[in-house]
Amino acid sequence: MANKYTSIENLMKDSVKVYDGMVAVWPQYGTEEEVNFDCATFNGEKVYSSNNGTLAFIIDGTLYVTPSTRNARRVLDEENFVEKYFYVPFSNWDFPKRERYIWQELRTRADQSHYEEFLEDCADYCDKHGIGALDQSILNNAFEIPRSGVKITHLGDEKTVFPIITSDLLDWYAEDMLGSYCTKNGLVVFITRDGKTYVTGDKILDILREAGFREKRILVPFSNGEKILDPDLASKWEQVRK
């Protein structure tokens, strides 16, 4: 479940409280050390700082740390927190030793929040640029390139094919790729409103154009006779090709 906060109290509950004697683990160095931070520096101010996708905020003289999401930042802004520069614990691959599993759960939920925010941004962009949704029946007859990629072999070489959009950030590249397609040797690759990459036969071309999709120069997976190595994925692709 993604992180959804409506108040600073909600955010505090889904944050790790920093306390005297708290130990941080640095796995990349194989070391541990106490987290040292003096909240008195800010004299009761409501402040926050961020680094590498992690937020630290101070309220009532106590430091809290949580994964950064758009929703978390919105709560801090609505509560009139001021952004300032200070050290952000657990933002450089370190993690709290005693609260390790709590921290991992918070980061997992934050990842889901980032993905949901990405989907919202994609939908807004596509609505503004006339890129329509495709019926689920169309997608059921196409092969989705999974986020983990598809291992293939071709002329003795092995490599992995990934989706066209690989991040959960709607940057200029993702915007350019949304609602695009390319065709080669009877196959079509296309990127839907939610940023997913599909491959199918070229009978879909009229449907894509009617939905506002635009043709671009994109690599078309499997269009040169590449073979999928994973048996389950290979079976799915064969079903699409029939």
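Summarised in this report is the structure supplied together with it. (Residues numbered from 1 in each chain as written. Predicted model: local features only at pLDDT ≥ 70, side-chain atom pairs only at ≥ 80, totals over all residues. Heavy atoms only, no water.)

What to know about the sheet that holds strand S7 (residues 82–83)
Strand order in the open sheet made by the five strands is S1-S6-S5-S4-S7, with mixed pairing throughout. Looking at the sheet topology across the chains shown, the edges are occupied by strand S1 (16–17) and S7. Bridge count between strand S4 (residues 47–51) and S7: two bridges; the pairing is parallel. By the bridge assignment, Tyr48 is partnered in S7 with Glu83. (Pairing = 2+ DSSP bridges. Helix = DSSP H or I, 4+ residues; strand = E, 2+ residues; numbered from the N terminus.)

Some details on the packing of aromatic side chains
Following the criterion strictly, the structure yields 13 aromatic pairs and no others. Relative to Phe86, the ring of Phe37 lies with its centre 5.4 Å away and its plane at 45 degrees, an arrangement referred to as tilted. With Phe37 in the loop between strand S3 (31–34) and S4 and Phe86 in the loop between S7 and strand S8 (95–96), the pair connects residues that are 49 residues apart, well separated along the chain. By relative accessible area, Phe86 is classed as buried at 6%. In this structure an aromatic cluster arises from ring pairing among Phe37, Phe42 and Phe86. (Phe/Tyr/Trp six-rings, centres within 6.5 Å; stacked < 30°, edge-to-face > 60°. Buried < 20%, exposed > 50% of the residue type's maximum accessible area, 1.4 Å probe, protein only.)

Everything listed here is a matter of coordinates, which is why it stays silent on function.
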